[in-house]
Amino acid sequence: MESSLKIGSAQLGPISLAESRYDVVKRLLALLYKAHSFGVKFIVFPELALTTFFPRYWMTNQVDVDRYFETKMPNEVTQPLFDAAKKLGIGFYLGFAELSEEDNRIRRFNTSILVGPDGKIIGKYRKIHLPGHSEKRDDVPFQHLEKRYFEVGNLGFGTWPVFGTRVGMAICNDRRWPETYRVMALRGARVVVLGFNTPTENINHDEPLHLRMFHHRLVMQAAAYQNGMWIVATAKAGYEDGFHLHGGSCIISPTGEIVSQSTTEDDEVIVYDCNLKLGDYILNSVFNFKKHRRIEHYGPITSQTGVDDLIDVSSKL
Ligand code: CDT
């Protein structure tokens, strides 16, 4: 089994409302070719990588919303990406808005796919932790309507054997939740890849701007170490029609260290040759799950969501 894998994070600068899918795919192809010239075997594109981050806009006409969705993948516009992947022998992760017909109804998901070096789709993930709100908010400078435009993902946290390792996928807000990584780690993931669109301003809280980037890194660095895994996170960054996304693409080793990070808010490829065995000592020692996990005490994690369900232990003291 190969013990190293050169992974690339292909950050995108802003995509304006006016930019066509065709032009975006040209940018993705340029990044793919650049990654190939660096010897990359697996490239990670952002969340909703084919369009602007449309959940910031309030739309009442479903036809307007559906313009941002793909009904087929690959399709005529994205096929060149799959062809290039096959030609160059590079696999990729790509995020996009997915419209599908399932259970006799139209369903919409915030989706990512894992494509192998043969240009074929190996796996699909549908975002589980959808942030934001579903109704129009008049108290904020922009909307975050993921809960309106998407359903909660129904595929769970899958992992797939590829590139001589096992890969799991997440999308943006999922990265803030420890459950995301632990479930995938228990399913054997040694590399977790994710794309994100994170507005610089937090519309829910008046918090100092520096905390946005700090929390973004904090959650992933902790998760990488606690699960002995590589994490590759790719941003869409910069000003999209006046709305700023904070960027900060990075590659994090199983030790929790950031080993490569973006330096711009534009289209940019960062690369790292990942030692796939580096996490072994962590998973064989402090985080040897089989030896040390105490599942008899973890019940609340899967049986309740909020603390309001909590039994008042203090009354028993
Ligand atoms: N795209 C996405 O999931 N963004 C969220 C913003 C949360 S603020 C409503 C994130 O966690 O970065």
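Described below are features of the structure shown in this document. What you see is a predicted model, and the numbers here were worked out from it, not measured in a lab.

Tallied over the entire structure, the rule returns 13 aromatic pairs. Seen from their ring centres, Trp 230 and Tyr 272 are 5.7 Å apart, and the 35° between their planes marks the pair as tilted. On the criterion of sequence distance, the pair formed by Trp 230 in strand β10 (residues 230-235) and Tyr 272 in strand β15 (residues 268-275) is long-range, its members being 42 residues apart. Taken together, the ring pairs in this structure connect Phe 54, Tyr 68, Phe 69, Tyr 149 and Phe 150 into an aromatic cluster.

Now for the pattern of salt bridges. This structure, assessed with the given rule, holds 22 salt bridges. Among the salt bridges present, the one from Lys 124 reaches Glu 98, with a minimum N-O distance of 2.5 Å. Taken together, the residues Lys 124 in strand β6 (residues 121-126) and Glu 98 in strand β4 (residues 91-102) connect sequence positions 26 residues apart. Look at Lys 124 and you get partly exposed, because its relative accessible area is 32%. Two residues, Arg 137 and Asp 139, come together in a salt bridge whose shortest N-O distance is 2.9 Å. Looking at Asp 139, the relative accessible area reads 57%, which means it is exposed. Residues joined in a network through salt bridges with shared partners are Glu 98, Glu 102, Asp 103, Arg 105, Arg 107, Lys 124, Arg 126 and Glu 151.

What counts and how
Residue numbers here run from 1 along each chain, matching the order of that chain's written sequence. pLDDT decides what is reported in this predicted model: residues at 70 or higher carry local features, side-chain atom pairs at 80 or more are listed and counted, and totals for whole chains, interfaces and linings draw on all residues regardless. Side-chain measures here rest on the full set of heavy atoms in the structure, leaving out hydrogens and waters. Centre distance within 6.5 Å is the pairing criterion for rings of Phe, Tyr and Trp, where only the six-membered ring of Trp is used; planes under 30 degrees apart are then read as stacked, over 60 as edge-to-face, and the remainder as tilted. Secondary structure elements follow DSSP: runs of H or I no shorter than four residues count as helices, runs of E no shorter than two count as strands, and numbering proceeds from the N terminus. For salt bridges, the criterion is a side-chain nitrogen of Lys or Arg within 4 Å of an Asp or Glu carboxyl oxygen. For every residue, the accessible area (1.4 Å probe, protein chains only) is compared with the maximum for its type, and the residue is labelled buried under 20%, exposed over 50%, or partly exposed between those bounds.

By themselves these figures say nothing about function.
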